[in-house]
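Single-letter residue listing:
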Amino acid sequence: MPSLLQQARALKQHERQAQIEALSAVYSAPLSDKEEKIHALPLARLVSECSSGAVAPRDVLSAYGKKTLAAQRLTNCISDFMFDEALDIPAFAEYSSAGESDTGSSSASLRPCPLLGVPVSLKDTVDIAGHDSTMGFARHVGHPAAASAPLVRMLQDAGAILHAKTTVPTGLLAIETASDTFGHTANPHNTGHSVGASTGGGGALVACGGSVVEIATDLAGSARIPAHFCGVWGLKGSSGRFPTWGTGTSMPGLETVPILAAPMARSLADLEEFWRRIVSMKPWTYDFTCAPLPWQKVDLLVEGRKLKWGVIWQDGVTEPTPACRRSLSLVINALKAQGHEVVDFTPPNISELLTVGYQLVFADGGAQIRDACLPGEQLNAPLKGTIDLVRLPRLLKRLLAYWSRAKDPYYASLLDAMHPTTVLEERALVVRRDALRAAWHARWAAEHLDFVLTVPHPLPALETGTGARASLISSGYTFLFSMLDYVAGVLPVTTVDKAADALPADFLSSAKFNAMNSVGQGVWSVYDAEKMHGLPLGVQIAGRRLEEEKVLEGMKVIEAALRQAGTPFVPKALV
């Protein structure tokens, strides 16, 4: 008799395949000329055309549905197809009735729908009534949500087309997207490489043009790393700014490190428009976790003010590999050419902040994630390795730390720190976290910084199956801004160049490599500019708490500088 895991996997695979087979044959056809024009519309223009009646939402769904199906066939990025019900919401009924009415009424007299006709996909953690929110766990298959998340209700009131849910890894914490339930999700730029995680399916779908916006979540880079790997735009805000209630997590109740909903988009213009229109809907009236903060107008380009940018070149754990360092350098050089001040920024105790964060995330010893797995269900190797480290007996870890301290002091410090905590130990960690936040705030203010720049990850999209060597600890560049609750965005800058970004042939036996800690060696051992050639490279820009509007403007400044330097990022069609 099949195991529970096998039954759940078969049920979900059958359900998804049945959804695909039930789709109209039109979705397998190429886009028509009309659909190509619709697909090329930016978010603001798409809403305007749908609101005026010039474009019908069903034609939008036809265009994006074709791209979504093609993305699924290329990358395996969809967990749930919702085409049939996507247009079955009051907003579309009202506008359709107005267009067909003989009484002279028009869409101008209807309530505004600021996202009318905008295709928005949902990570498979966001509750939408009648559909599973698996979080990659087979246990959640066949248990559809009874009610939709406040964010979903708000999107439907705004007229968005919620047409698909996207794949995630088992337990969410990962740098590759794979699960027993859905299989492996591939990078559309090179299917032998990772899309990142945990919003890997969303990153692939947006990169393929199957969605204008993906509702991601982000704990330690779960939206920003896929944005970097897939060449799309993303922004993690601060707690309380974007609706989060009803977006599931593999660690319910974790409050010490905020888990936030974070949109990803196909362009910076679309990302900003989406954020602004969401806030215009007064999300605090839908979701009790949101603060009543209206959108603040910031226009750094019009102001023309020269800005001060701090650069963090390494997170205290591992240096960026050559391609990622070059991407960051391109941005720095372009900003300097515009007259901006760019300085190296050495924040206080960055490695300690990260270590405190790892202790807080795994304070339960990984019990919530382990207990959610069905018998036989596999966690990804980096997550399993981290949980195994936390669960080792303390005496054994002390002995291992003693023997490794001279050669690898960072690994020894992890052995000393990573263990299940008591309530008092966890509270002491929160006290230390807040002291480090205060120190960061003081240093940032003392140096009069507008923004901080880093790589999003020390690697480009890594080759499939190499995540175990890279480890979860390699995500420090994104995790640190989650620990601070700072706003952080990622935008694509360039692509890997196999000639410019290559390592020396003997690098893995070099003194530099041998001097690295075990995490750094793992990261650099999977770097291969030849195999990674053409993959996207992003940069991360951070502002302080609740500075979403300012960070989006900072992203515009970067893009304007890159255009002026003659090195703009140009997305390419993938499907």
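Quantities reported herein were computed from a predicted structural model and do not represent experimental measurements.

Novice: Can you help me understand the overall build of the protein chain in this one?
Specialist: Each helix and strand in the protein chain was counted, giving 24 helices and 15 strands. On C-alpha atoms alone, the protein chain measures out to a radius of gyration of 23 Å, which is about the 25 Å that the 2.2 N^0.38 rule sets for 575 residues. By its C-alpha atoms, the protein chain is 80 × 70 × 50 Å across when sized along the principal axes. Looking at the protein chain as a whole, 60% of its 575 residues qualify as buried. A separation threshold of at least 6 residues defines the contact pool for the protein chain, and within that pool the share at least 24 residues apart is 81%. Roughly 21700 Å² of accessible area belongs to the protein chain as shown, and the carbon and sulfur atoms make up 55% of that amount.

Novice: Mind showing me how you'd approach the side chain of Glu548 here?
Specialist: By secondary structure assignment, the location of Glu548 is in helix α24 (residues 548–564). The class for Glu548 is buried, based on a relative accessible area of 0%. Non-local contacts of Glu548, meaning those with residues more than four positions away in its chain, are made with Leu235, Gly237, Ser238, Arg241, Trp275 and Val487.

Novice: Explain the UniProt feature "active site" (unreviewed entry) in the protein chain here, please?
Specialist: This chain's UniProt record puts "active site" (unreviewed entry) on Lys123, Ser198 and Ser222. A stretch of 100 residues holds the annotated residues, and the largest C-alpha distance among them is 10.8 Å, short enough that they meet in one place. Relative to the helices and strands, Lys123 is located in strand β2 (residues 119–123). You can call Lys123 buried: its relative accessible area is 0%. Setting aside chain neighbours within four positions, we find Lys123 in contact with Lys165, Thr166, Val168, Ser198, Thr199, Glu214, Ile215, Ala216, Thr217 and Ser222. At a separation of 2.6 Å, a polar atom in the side chain of Lys123 contacts the side chain of Ser198.

Novice: Explanation requested: the pattern of salt bridges in the structure shown.
Specialist: When the charged atoms of two side chains with opposite charge come close together, those side chains can pair. This structure, assessed with the given rule, holds 26 salt bridges. We note a salt bridge from Arg277 to Glu273, for which the minimum N-O separation is 2.7 Å. Taken together, the positions of Arg277 and Glu273, both in helix α10 (residues 268–280) and 4 residues apart, correspond to about one turn of that helix. Relative accessible area serves as the criterion here: at 14%, Arg277 is assigned to the buried category. We classify Glu273 as buried; its relative accessible area is 17%.

Novice: What am I meant to see in the sheet that holds strand β8 (residues 213–218) here?
Specialist: Strand pairing in a sheet relies on backbone hydrogen bonds. The paired strands run either parallel or antiparallel. If you trace the 11 strands from one edge of the open sheet to the other, you get β1-β3-β2-β8-β10-β9-β14-β15-β13-β11-β12, paired in mixed fashion. Looking at the sheet topology across the chains shown, the edges are occupied by β1 (78–81) and β12 (341–344). If you compare each strand with its neighbour and ignore which way they point, the axes differ by 30° on average. In this sheet, strand β3 (residues 161–166) lies alongside β2 in parallel orientation, the contact comprising 4 bridges.

Novice: Before we go on, may I ask you to explain the packing of helix α3 (residues 43–52) against α10 in this structure?
Specialist: Two quantities define a packed helix pair, namely the angle between the axes and the distance from one axis to the other. The contact between α3 and α10 brings their axes to 8 Å, and the two run at 60°. In terms of orientation, α3 and α10 fall into the oblique class. Along the contact surface, α3 presents Leu43, Ala44 and Val47, while α10 presents Asp270, Glu273, Phe274 and Arg277. When grouped by side-chain class, the residues that make up the contact of α3 with α10 number 4 nonpolar, no polar and 3 charged.

Novice: Even after reading the chapter, I still don't get the packing of aromatic side chains, so can you show me in this structure?
Specialist: Aromatic ring pairs: the centre-centre distance and the angle between the two ring planes describe each pair. Evaluated as defined, the whole model comprises 15 aromatic pairs. With 5.3 Å between their ring centres and 80° between their planes, Tyr402 and Trp403 make a pair best called edge-to-face. Each member of the pair, Tyr402 as well as Trp403, is classed as exposed. Their ring planes at 80° and their centres at 6.4 Å tell us that Trp440 and Phe481 sit as a pair that is edge-to-face. Of this pair, Trp440 sits in helix α18 (residues 423–446) while Phe481 is found in helix α20 (residues 476–484), placing the two residues 41 residues apart along the sequence.

Novice: Would you mind showing me how to read the nonpolar core here?
Specialist: A general trend in soluble globular proteins is that nonpolar side chains are found buried together. One finds Leu155, Ile215, Phe274, Trp309 and Met555 to be the most contacted residues of the largest nonpolar core, which totals 123 residues. The next biggest cluster of nonpolar side chains, apart from the first, holds 52 residues, and it includes Phe137, Cys373, Leu436 and Leu480.

Novice: Can you help me understand α3 in this one?
Specialist: Helical geometry: 3.6 residues make up each α-helical turn, so side chains three or four residues apart lie on a common side. When we look at burial in α3, the residues that qualify are Leu43, Leu46, Val47, Glu49 and Cys50. One side of α3 holds all its buried residues, which, seen down the axis, span an arc of 165°. For α3, the secondary structure elements touched by its buried residues are α2 (33–39), α4 (57–75), β2, β8 and α10. Immediately downstream of α3, the backbone of Gly53 shows phi near 90°, a positive value.

Novice: Sorry, what's going on with unusual backbone geometry here?
Specialist: Look at the link from Ala197 to Ser198: it is a cis peptide, with omega at 10°. Considering the arrangement of structural elements, one finds Ser198 in the loop between β7 (190–194) and α8 (200–207). A positive phi angle is found at Leu172, which is not glycine, with a value near 75°. Tracing the sequence through the fold places Leu172 in the loop between β3 and β4 (178–179). One non-glycine residue, Asp485, lies in positive phi territory at about 60°. Along the chain, Asp485 falls in the loop between α20 and β14 (487–495). On the basis of relative accessible area, Asp485 is assigned to the buried category, the value being 4%.

Novice: Teacher, can you tell me more about helix α17 (residues 409–417) here?
Specialist: Taken as a whole, α17 has its buried residues at Tyr410, Ala412, Leu414, Leu415 and Ala417. Close packing links the buried residues of α17 with α13 (350–361), α15 (381–391), α16 (394–404) and α22 (518–525).

Novice: Quick question: what am I supposed to make of a nonpolar patch on the surface here?
Specialist: On the surface, a cluster of nonpolar side chains totalling about 550 Å² of accessible area is made up of Leu395, Leu399, Tyr402 and Trp403. Take Tyr402: it is sitting in helix α16.

Novice: So what exactly am I meant to see when it comes to the environment of Asp501 here?
Specialist: Structurally, Asp501 can be placed in the loop between β14 and α21 (511–514). In this structure, the C-alpha to C-alpha distance between Asp501 and Arg325, residues 176 residues apart in sequence, is 9.2 Å. The residues touching Asp501, leaving out its near neighbours within four places in the chain, are Pro322, Ala323, Arg326, Thr495, Val496, Tyr527 and Ala529. Separated by 2.6 Å, the side chains of Asp501 and Arg326 make a polar contact.

The rules behind these values
- Note on numbering: residues in each chain are counted from 1, in written sequence order.
- The model is predicted, so local features are restricted to residues of pLDDT at least 70 and side-chain atom pairs to those at 80 or more, both for listing and for counting; the totals for chains, interfaces and linings are taken over all residues.
- Calculation of side-chain values draws on the structure's entire complement of heavy atoms; hydrogens and water are dropped beforehand.
- We count a stretch as a helix when DSSP gives it H or I for four or more residues in a row; a strand needs E for two or more, and each element gets its number in order from the N terminus.
- Our radius of gyration is a C-alpha quantity, and the globule rule it is checked against amounts to 2.2 Å times the number of residues to the power 0.38.
- The cut-offs for exposure are 20% and 50% of the maximum accessible area for each residue type, with area from a 1.4 Å probe on protein chains only; residues under the lower value are buried, those over the upper are exposed, and the others partly exposed.
- Contact between two residues is taken to exist if any of their heavy atoms lie within 4.5 Å; hydrogens are not considered.
- Per-residue and other accessible areas follow the Shrake-Rupley method at a 1.4 Å probe size, with only the shown protein chains counted as cover for residues.
- UniProt positions are given in the numbering used here, feature names are shortened, and annotations may be inferred rather than shown by experiment.
- Polar contact is the term for a pair of N or O atoms within 3.5 Å; when the atoms are in protein, one must be able to donate a hydrogen and the other to accept it, and sequence-neighboring residues count only if both atoms are side-chain atoms.
- Criterion for a salt bridge: a side-chain nitrogen of Lys or Arg within 4 Å of a carboxyl oxygen of Asp or Glu.
- Here, a strand pair is defined by DSSP locating no fewer than two bridges between the strands.
- Only the stretch in contact is used when a helix axis is fitted, and all axes are lines through C-alpha atoms; the angle between N-to-C directions ranges over 0 to 180 degrees.
- Angles are sorted into four bins: roughly parallel if under 35 degrees, roughly antiparallel if over 145, roughly perpendicular if 65 to 115, and oblique for all others.
- Amino acids outside the nonpolar list (Ala, Val, Leu, Ile, Met, Phe, Trp, Tyr, Cys, Pro) and the charged list (Asp, Glu, Lys, Arg) are all regarded as polar, and Gly is one of them.
- Any two rings among Phe, Tyr and Trp, with Trp reduced to its six-membered ring, count as a pair given centres within 6.5 Å; such a pair is stacked if its planes are under 30 degrees apart, edge-to-face if over 60, and tilted if neither.
- Here the nonpolar core consists of buried residues drawn from Ala, Val, Leu, Ile, Met, Phe, Trp, Tyr and Cys, with membership extended through side-chain atoms lying within 4.5 Å.
- Directions drawn from the helix axis to the C-beta atoms are what define this arc.
- Patch membership is restricted to residues that have no salt bridge and whose relative accessible area is over 30%. Joining uses 9 Å for like charges and 5 Å for the nonpolar side chains Val, Leu, Ile, Met, Phe, Trp and Tyr.

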